[in-house]
Amino acid sequence: MNSPSSSADGVVHGVRLISGDVVDIAMSGGLIVDIKKSTPVASRQTEGFIDGREYLALPSLVEPHAHLDKAFLSERIDNPTGDLMGAINGIEAARESLTYGDTVERATRATQLMSSRGVQSIRSHADTTVDSGLSNVHALLEVKGQSSSIIDMQVAALIGWPLTGARGADNRALARAAIAAGVDVIGGCPHLDDDPAGALRFLFELASEAGVPLDLHADENTRLDSSDLEHCADLKLSTGSTVAVAASHCVSLGVQPEDAQHRIADKVAAASISVITLPLTNLYLQGRDRTTHVPRGLTPVSLLRAHGVNVAAGGDNMQDPFNPLGKGDPLETAGYVVLAGHVLTDDAIHTVTTNARQAMGVAPVDISVGAPADFLLIRAHTLREALAMQSTERIVIRRGQRLHSRL
Ligand SMILES: [Zn+2]
């Protein structure tokens, strides 16, 4: 794989790596074929030449938890209480206005924005409710197909609740229909169910039968009695299930007593469950009922990492009733992991690259000879500066080709 750069069909010249080394990266056939100490060049006009001076090279970014079907709804749907149920109720009240074509248009816009930031892998949940049926699933599957040249997408059916008892029959049928429609991942919100443990068992069995990963909206609250994450770890350990599981949010773990946190983190590590923290949205939604000792809407990131849990980070909602802000930039998310999660910058980048890929069950990508030529050049001298400035001067390289020069 160590071909000389002269035979490459593209070269990034003079780019800085996170290590500080300044290198030339040669690409051919969609792969990185050579990385060597940068040397001066006589001409920069040849086809495939990219001037990487003043840029830092980062592995392609990952968005492991998005809601593309709800993107850019802030101006159309209010959330008067500002909390989770205010957002959910707002969406439900406006459901009829969210047509298929409208959803495809907004999701496409969000996907293109994320691509321009440097995202090349995304997992998006799609609201799958009795009222909306499979409309959002079909819309996001369409966007997935149309966007495959710029981004790899997984669509997760976010099944409504309840999933248990007689009242849950329609949602259970819908979950099976979503699998048949071709979703990549199954998901749901056990903590909002009448019977959280029962809902979890159903989702586990369904994922197992269908052979798809499970990604839960787990414990998205600050209640001490919310136990989705522990139930999930117990279920996986007791059944020996091989279903790949990601638990998103896991906010309530952040308010548990320390002994409970350690007990649960040990189980989560043993069960190989990835935790996806979503700081932007949860710092916005949770803790609104308190004025003192306000809990952070954040899972205990450092504690989970110390127990060996794979922790990834996502943006969750973007400019909708759940989060009026957000710009589709994993570097913004990683910045919150630094500031609110107390993770060092060198580690925080992994939550939106390597760890996020692991949570999604896709192969790792790094900047090394033989790896796919999928990476991001961002105007910065150091990783810390990239996270601080989040420069919009970016060059996205995918399969060895330049996708975008500017946002
Ligand atoms: Zn979510």
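Structural notes, computed from the coordinates. (Residues numbered from 1 in each chain as written. Predicted model: local features only at pLDDT ≥ 70, side-chain atom pairs only at ≥ 80, totals over all residues. Heavy atoms only, no water.)

**Here we look at the overall build of the protein chain**
Threshold: Counting from the N terminus, the helices are the DSSP runs of H or I reaching at least four residues and the strands are the DSSP runs of E reaching at least two. Our radius of gyration is a C-alpha quantity, and the globule rule it is checked against amounts to 2.2 Å times the number of residues to the power 0.38. Only protein chains enter the accessibility calculation, which uses a 1.4 Å probe. A residue is then buried if its area is under 20% of the maximum for its type, exposed if over 50%, and partly exposed in between. The accessible surface values rely on the Shrake-Rupley method and a 1.4 Å probe; as for residues, cover is taken only from the protein chains in view. For the purpose of counting charges, residues Lys and Arg are taken to be positive, whereas Asp and Glu are taken to be negative. His and the chain ends are not included. Note on charges: their place is set at NZ of Lys, CZ of Arg, CG of Asp or CD of Glu.
Of the regular secondary structure elements, the protein chain holds 13 helices and 16 strands. On C-alpha atoms alone, the protein chain measures out to a radius of gyration of 21 Å, which is about the 22 Å that the 2.2 N^0.38 rule sets for 407 residues. The principal-axis extent of the C-alpha atoms belonging to the protein chain is close to 75 × 50 × 45 Å. The buried share of the protein chain, reckoned over its 407 residues, is 58%. Only carbon and sulfur atoms are counted for the fraction: they give 51% of the accessible area of the protein chain, which is about 16100 Å². The average position of the 34 basic charges and that of the 48 acidic charges among the side chains of the protein chain differ by 5 Å.

**Considerations on unusual backbone geometry**
The phi angle of most residues is negative, glycine excepted, and most peptide bonds adopt the trans form. Looking along the chain, the bond that leaves Trp 161 and enters Pro 162 is cis, with omega of 0°. Its place among the elements puts Pro 162 in the loop between β8 (152-159) and α4 (169-181). One non-glycine residue with positive phi stands out, namely Gln 319, at about 55°. Along the polypeptide, Gln 319 turns up in the loop between β13 (311-313) and α10 (330-339). Here the phi dihedral of Arg 399 falls at roughly 50°; this positive angle occurs in a residue that is not glycine. If you trace the backbone, Arg 399 turns up in the loop between β15 (394-398) and β16 (401-402). Taking relative accessible area as the criterion, Arg 399 reaches 38% and is therefore assigned partly exposed.

**Side note on α10**
The condition is simple: Here a polar contact is recorded for every N or O atom pair within 3.5 Å, except that within protein the pair must consist of a potential hydrogen donor and a potential acceptor, and residues adjacent in sequence are included only if both atoms are side-chain atoms.
Among the 10 residues that make up α10, seven are buried, leaving the element largely enclosed by the rest of the structure. Taking the backbone nitrogen of Leu 331 as reference, a side-chain oxygen 2.9 Å away marks Asp 329 as the first, capping residue of α10.

**Observations concerning the coordination of the zinc ion**
The test is simple: The donor definition counts N, O and S atoms within 2.8 Å of each metal and applies 3.2 Å to Na, K and Ca; water is not among these atoms, so some sites may look incomplete. By the criteria applied here, four donors are tetrahedral when all angles lie between 85 and 135 degrees, four are square planar and six octahedral when opposite donors are over 155 degrees apart and every other angle lies between 65 and 115, and any other arrangement is irregular.
Taken together, His 65 (NE2), His 67 (NE2), His 217 (NE2) and Asp 316 (OD) make up the full set of protein donors to the zinc ion, lying 2.1 to 2.4 Å away. Every donor counted, the four donor atoms about the zinc ion form angles of 86 to 177° at the centre, which fits irregular coordination. Residue classification places His 65 among the buried positions, given a relative accessible area of 0%. Asp 316 gets classed as buried once you look at its relative accessible area, which sits at 4%.

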